[in-house]
Amino acid sequence: MTDTWVALLRGINVGGHGKIEMATLRRILAARGLRAVETHIQSGNVVFRASGQGAEALAALISQSLARELGAPPVTLVLGAADFARIVAAAPAADDPKTVNLFFLADPAAAVDRAALEALRAPTEALIYATGAIYLSASAGIGRSKLAAALERHVACAVTARNLRSARQIAHLAREVAER
């Protein structure tokens, strides 16, 4: 079983909602027995070590722990560091890694309404479907993408997105934590 994990919390410190300081987040998770807890930027990216539990149990532990702090549990996706690295490595190449977004799926086998997504896709956008993720390249910017805004409505599970630049940095942090 994997020992190093990546947790992606959706909606943390975005638009004035789900506010939590990263030092507080690290303290809460360490108090719940997670080891070597590290965060990347202020938007709910956590790398940690834990033994004896799977991804679903760890996601539930994190959500329940944060529910007390935030009042409502954030959607929490937990992936083994190797699986996270595999998804990041498979992302399409980009001149600007901030224009490629990785939409991580809570259930890698979840149904995706590809026809609906393709109907929303702008001519400047490209979609790639993979196990555990959907990659969206939006050269005009993710903030302008109607597809990005509607993507989760067409996937039968919770989804959270990170741009390729951030995902690469999280994967790097996970490698560092694993080496400790």
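That block above? That's the structure.
Heads up: these notes are all about the structure in this document. Along every chain, residues carry numbers that run from 1 in the direction the sequence is written. Since the coordinates come from a predicted model, pLDDT governs what is reported: local features require at least 70, and pairs of side-chain atoms require 80 or more to be given and counted, while whole-chain, interface and lining totals use all residues. Only hydrogens and water are removed before side-chain values are computed, so all heavy atoms of the structure are retained for them.

1. Some words on the overall build of the chain
Logical step 1: Numbering of helices and strands runs from the N terminus; a helix is a DSSP stretch of H or I covering at least four residues, while a strand is a stretch of E covering at least two. For the chain, the count of helices and strands is 6 helices and 8 strands.
Logical step 2: Overall, the chain shows an N-to-C arrangement of helices and strands of β-α-β-β-α-β-α-β-α-β-β-α-β-α.
Logical step 3: Taking 180 residues into account, the globule formula puts the C-alpha radius of gyration at 16 Å, and the chain, at 16 Å, falls close to it.
Logical step 4: Principal-axis analysis of the C-alpha atoms places the extent of the chain at approximately 50 × 35 × 30 Å.
Logical step 5: Whether a residue is buried, partly exposed or exposed follows from its accessible area with a 1.4 Å probe, protein chains only, as a fraction of its type maximum: under 20%, in between, or over 50%, in that order. Scored against the burial criterion, the 180 residues of the chain give a buried share of 46%.
Logical step 6: By definition in these notes, contact holds between two residues if any of their heavy atoms fall within 4.5 Å. Across the chain, the fraction of contacts at a sequence separation of at least 24, relative to all contacts at a separation of at least 6, is 68%.
Logical step 7: None of His or the chain ends enter the tally, which takes Lys and Arg as positive and Asp and Glu as negative. To locate a charge, the coordinates of NZ of Lys, CZ of Arg, CG of Asp or CD of Glu are taken. Distance from the positive charge centre (20 side chains) to the negative charge centre (15 side chains) of the chain: 4 Å. Atoms counted for the radius of gyration: C-alpha only. Globule rule: 2.2 Å times residue count to the power 0.38.

2. What about the pattern of salt bridges?
Logical step 1: Salt bridges are defined as contacts in which a side-chain nitrogen from Lys or Arg sits within 4 Å of a carboxyl oxygen from Asp or Glu. Under the criterion given, the structure shown has 5 salt bridges.
Logical step 2: Across the pair Arg-10 and Glu-152 runs a salt bridge, and its minimum N-O distance is 2.5 Å. Remark: Glu-152 occurs in the loop between helix H5 (146-150) and strand E8 (159-163) and Arg-10 occurs in the loop between strand E1 (4-9) and helix H1 (22-31); sequence separation between them is 142 residues.
Logical step 3: Overlapping salt bridges, with partners in common, bring together Asp-3, Arg-35 and Arg-49 in one network.

3. What about the sheet that holds strand E2 (residues 35-40)?
Logical step 1: Two strands qualify as a pair provided that DSSP identifies no fewer than 2 bridges between them. Across the sheet, which stays open at both edges, the 4 strands sit in the order E2-E3-E1-E4 with antiparallel pairing between neighbours. Among the strands making up the open sheet, the edge pair consists of E2 and strand E4 (76-80). Across the sheet, the axes of successive neighbouring strands diverge by a mean angle of 20°, strand direction being ignored.
Logical step 2: Judged from the 4 bridges that link them, E2 and strand E3 (residues 45-49) form a sheet pairing that is antiparallel. Orientation is described by lines fitted to C-alpha atoms, with helices fitted over the stretch in contact, and by angles between N-to-C directions that extend from 0 to 180 degrees.

4. Notes on unusual backbone geometry
Logical step 1: Notably, Ala-36 is not glycine yet its phi reads approximately 50°, a positive angle.
Logical step 2: Along the chain, Ala-36 turns up in strand E2.
Logical step 3: Residue Ala-36 is classed as partly exposed on the basis of its relative accessible area of 29%.

5. Remarks on the pairing of E1
Logical step 1: Among the 6 residues that make up E1, 6 are buried, leaving the element largely enclosed by the rest of the structure.
Logical step 2: With burial as the criterion, each face of E1 is covered, one bearing Thr-4, Val-6 and Leu-8 and the other bearing Trp-5, Ala-7 and Leu-9.
Logical step 3: Judged from the 5 bridges that link them, E1 and E4 form a sheet pairing that is antiparallel. Residue pairing in the sheet places Val-6 in a bridge with Leu-79 of E4.

6. A word on the sheet that holds strand E6 (residues 125-130)
Logical step 1: Strand order in this open sheet of 4 strands is E6-E7-E5-E8, and the pairing throughout is antiparallel. A single partner strand is all that each edge strand has here, and the edge strands are E6 and E8. When the angles between neighbouring strand axes are averaged without regard to direction, this sheet yields 20°.
Logical step 2: Judged from the 6 bridges that link them, E6 and strand E7 (residues 133-138) form a sheet pairing that is antiparallel. If you follow Tyr-129 over to E7, its bridge partner there is Ile-134.
Logical step 3: Helix H3 (residues 81-89) rests against strand E5 (100-105) and E7 of the sheet, and its axis sits at about 145° to E5.
Logical step 4: Where helix H6 (residues 164-178) meets the sheet, it contacts E5 and E8, and its direction lies at approximately 90° from that of E8.

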